[in-house]
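# Structural overview
If you want the building blocks of each chain, they are given just below.
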Amino acid sequence: MATLRKRYVDTDVSGGAGDGSSWANAYASLSAAENAEDNTGNLVATDEYMEFDCRGVTLADVAAAVVGWTTDATRYIDIYTEAANGPAGQWSEAKYRIVGSGANLLTITEDYVHVKGIQVQLTFADSGTAYDAVRCTGAAGASNILCESCIAKGVLSGTNTAIASGFDANGGTVTFRNCLAYDFINGSETHRGFKMAAGTLQNCTAHNCNFAFYRSSGTPVATNCGAASCTSGFSATITQTTCSTSSPTFVDEGGDDFHLASGDTTWKDQGTDVSGTYLTDIDGATTTRNDIGMDEYVAAGGLSIPVARPYTQAVNRAAVY
């Protein structure tokens with residue numbers, strides 16, 4: 001049975017060995033952790049599975065990271081924030097975040113990778129080259145990448161024709177679940193919240209994007225996804241189940257809080273019940289999962305179980321691999 005190799009990433013770390021063996025000795029960036037550990041990055045050969053536990057309260061992670069190892073279904077990679085260190089469904093400057101410009105900020109080029117609770121902000125001064133906040137390419141064939149409860153935020157400007165995307169599944173089997181992409185918009189250009197070549201979209205929200213859910217090739221499948229205040233909603237060739245381009249009532253749309261308000265009737269209870277596949281929304285677990293978008297509304301005093309990360313291997317991959 002594969003054994004765990006766990007490394008810690010803390011953008012606020014001071015001193016220590018810098019080998020990721022504990023919070024006191026954490027790597028200062030995910031990129032540094034990945035580069036150092038990738039010297040022994042054949043997890044199949046070492047019979048290990050890898051976890052990168054990330055946090056950062058004061059400083060952002062400003063180094064673009066590329067994840068490309070040798071993996072399989074039982075020797076995989078998890079990149080996550082623990083519940084206390086990840087955003088509660090809304091962008092937070094006091095939680096772990098990757099912030100940068102002029103690059104793909106988080107790129108996954110290998111199979112069997114799970115990313116959970118990561119914030120990525122892409123500043124894009126259009127210079128003719130397209131970039132993504134999160135780009136998932138995977139190896140040829142079945143990529144088996146799951147990106148869930150993540151937030152991609154755009155800060156876009158410029159006048160050229162290159163396109164920025166929040167989440168880009170550029171081939172292979174990629175699932176985006178309970179993710180939020182917003183502010184990928186700039187004039188008349190076609191910046192995208194989610195760009196898909198095949199793959200699966202589950203309970204994702206796009207807000208204020210030129211094109212919310214864009215199909216580049218293949219036949220992507222979207223369930224319970226919502227496009228609010230976007231110029232275009234869904235490519236016609238995306239297979240949709242209970243998706244919406246009607247704007248719901250959010251808790252604080254102007255303040256970028258895209259949780260559903262108690263009085264909403266547009267997305268709340270309007271989706272397909274996927275509780276038999278997954279219960280989690282972007283915040284944690286709920287009693288049901290039948291709202292459209294990243295958030296499942298829970299009334300005050302109702303059951304809402306905080307997200308616990310990491311999960312066990314079996315639960316981690318039950319609905320994807």
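In this report, we go over the structure that sits alongside the text.

The rules behind these values
Residues numbered from 1 in each chain as written. Predicted model: local features only at pLDDT ≥ 70, side-chain atom pairs only at ≥ 80, totals over all residues. Heavy atoms only, no water. Helix = DSSP H or I, 4+ residues; strand = E, 2+ residues; numbered from the N terminus. Rg over C-alpha atoms; globule rule 2.2 N^0.38 Å. Buried < 20%, exposed > 50% of the residue type's maximum accessible area, 1.4 Å probe, protein only. Contact = heavy atoms within 4.5 Å. Areas by Shrake-Rupley, 256 points an atom, 1.4 Å probe, with all protein chains shown as cover. Pairing = 2+ DSSP bridges. Axes fitted to C-alpha atoms, helices over the stretch in contact; angles between N-to-C directions. Polar contact = N/O pair within 3.5 Å; in protein donor to acceptor, adjacent residues only side chain to side chain. Arc of directions from axis to C-beta.

## A look at the overall build of the protein chain
Each helix and strand counted, the protein chain has three helices and 26 strands in total. Here the C-alpha radius of gyration of the protein chain, 18 Å, is about what a compact globule of 321 residues would show, namely 20 Å. In terms of overall dimensions, the protein chain has C-alpha extents of about 50 × 50 × 40 Å along its principal axes. Per-residue burial over the protein chain gives 55% buried out of 321 residues. A sequence separation of at least 24 residues applies to 62% of the contacts in the protein chain between residues at least 6 apart. For the protein chain, the computed accessible surface area is about 11,700 Å², with 49% contributed by carbon and sulfur atoms.

## Quick look at the sheet that holds strand E17 (residues 205–207)
Spatially, six strands are ordered E5-E8-E11-E14-E17-E20 in an open sheet, and the strand pairing comes out parallel. The open sheet has two edge strands with one neighbour each: strand E5 (97–101) and strand E20 (226–228). Within this sheet the neighbouring strands show an average axis-to-axis angle of 10°, counted without direction. Note that E5 and strand E8 (residues 119–126) share five bridges and pair parallel. Its bridge partner lying in E8, Val99 is registered against Gln121.

## Things to note about the pairing of strand E13 (residues 174–177)
Here E13 shows two buried faces, one formed by Val174 and Phe176 and the other by Thr175 and Arg177. Pairing geometry for strand E10 (residues 145–148) and E13, over four bridges, is parallel. Residue pairing for E13: Ile145 is matched across the bridge by Val174. For E13 and strand E16 (residues 200–202), the ladder comprises three bridges, and the chain directions are parallel. Opposite Arg177, over in E16, you have Gln202 as the bridge partner.

## With respect to unusual backbone geometry
With phi around 55°, Asp47 is a residue other than glycine that occupies positive phi space. By the element assignment, Asp47 lies in the loop between helix H2 (43–46) and strand E2 (48–55). For Asp47, a relative accessible area of 29% gives the class partly exposed. Even without being glycine, Tyr112 reaches a positive phi, approximately 55°.

## So, the side chain of Asn210
Along the chain, Asn210 turns up in the loop between E17 and strand E18 (211–217). Of the polar contacts made by the side chain of Asn210, one reaches the backbone nitrogen of His191; its length is 3.4 Å. Setting aside anything within four residues of it in sequence, one finds Asn210 in contact with Phe184, Ile185, Asn186, Gly187, Ser188, Glu189, Thr190, His191, Thr231 and Ser232.

## Quick notes on helix H1 (residues 30–37)
Within the span of H1, buried status applies to Leu30, Ser31, Ala33, Glu34 and Glu37. In a view along the axis of H1, the buried residues occupy a sector of 165°, so they form one face of it. The secondary structure elements touched by the buried residues of H1 are strand E1 (3–10), E2, strand E3 (65–67), strand E4 (77–80), E5 and strand E6 (106–108).

## A short note on the environment of His191
With respect to the secondary-structure elements, His191 resides in the loop between strand E14 (180–182) and strand E15 (192–197). For the pair His191 and Tyr214, spaced 23 residues apart in the sequence, the C-alpha separation amounts to 9.4 Å. Look past the residues within four positions of His191 in its chain and what remains in contact with it is Phe124, Leu156, Ala162, Ile163, Ala164, Phe184, Ile185, Asn186, Cys209, Asn210 and Phe211.

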